[in-house]
Amino acid sequence: MKAFAQFIDIGNKIGIRKNTILQFGDSWTLIGAVWMINPGSSAPCNTHVQDEELAKLNTIDSNNQRQVASVDRTMGFLEKNPDWILYWREA
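Residues numbered from 1 in each chain as written. Predicted model: local features only at pLDDT ≥ 70, side-chain atom pairs only at ≥ 80, totals over all residues. Heavy atoms only, no water.

Draft legend 1. Just helix 2 (residues 73-80), in detail. Among all positions in helix 2, only Met75, Gly76 and Leu78 are buried. Within helix 2, the buried residues cover an arc of 160 degrees as seen down the axis, which keeps them to one side. Summarising the geometry of helix 2, the exposed residues directed more than 90 degrees from the buried face are Arg73 and Lys80. On the buried face of helix 2, the contacting elements are strand 1 (2-9) and strand 2 (15-23). (Buried < 20%, exposed > 50% of the residue type's maximum accessible area, 1.4 Å probe, protein only. Helix = DSSP H or I, 4+ residues; strand = E, 2+ residues; numbered from the N terminus. Arc of directions from axis to C-beta. Contact = heavy atoms within 4.5 Å.)

Here it is, written out as structure tokens:
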């Protein structure tokens, strides 16, 4: 699994993570959404978002502020327990 997120610094070592996208395997298929109160302990990685990854991310939404993010325990839980994902269904 790979994670992408926007990190916003609000000062004094306090930050917010929003617009997180989890990529399962090599797929870019949008399968659903998860709403969380506590975003967990994910942090920006020292890895550049590749151009092809950015192009795929932009098909989901056009937020160009995303960085590669570390996978936290909650993200790992979702990977192992996909029943907690609200699955996207085409109408």
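Draft legend 2. Local environment of the packing of aromatic side chains. Within the structure shown, the criterion is met by 1 aromatic pair. Plain terms: the ring middles of Phe4 and Trp28 are 5.8 Å apart, the flat faces sit at 35 degrees to each other, and that makes the pair tilted. In this pair, Phe4 is assigned in strand 1 and Trp28 in the loop between strand 2 and strand 3 (32-33), connecting sequence segments 24 residues apart. A relative accessible area of 24% places Trp28 in the partly exposed class. (Phe/Tyr/Trp six-rings, centres within 6.5 Å; stacked < 30°, edge-to-face > 60°.)

Draft legend 3. Main features of the side chain of Glu53. Examined against the element boundaries, Glu53 turns out to sit in helix 1 (residues 51-60). At a separation of 2.9 Å, a polar atom in the side chain of Glu53 contacts the main-chain amide nitrogen of Gln50. Every residue in contact with Glu53, bar those within four places of it in the chain, is listed here: Lys2, Phe4, Trp28 and His48. (Polar contact = N/O pair within 3.5 Å; in protein donor to acceptor, adjacent residues only side chain to side chain.)

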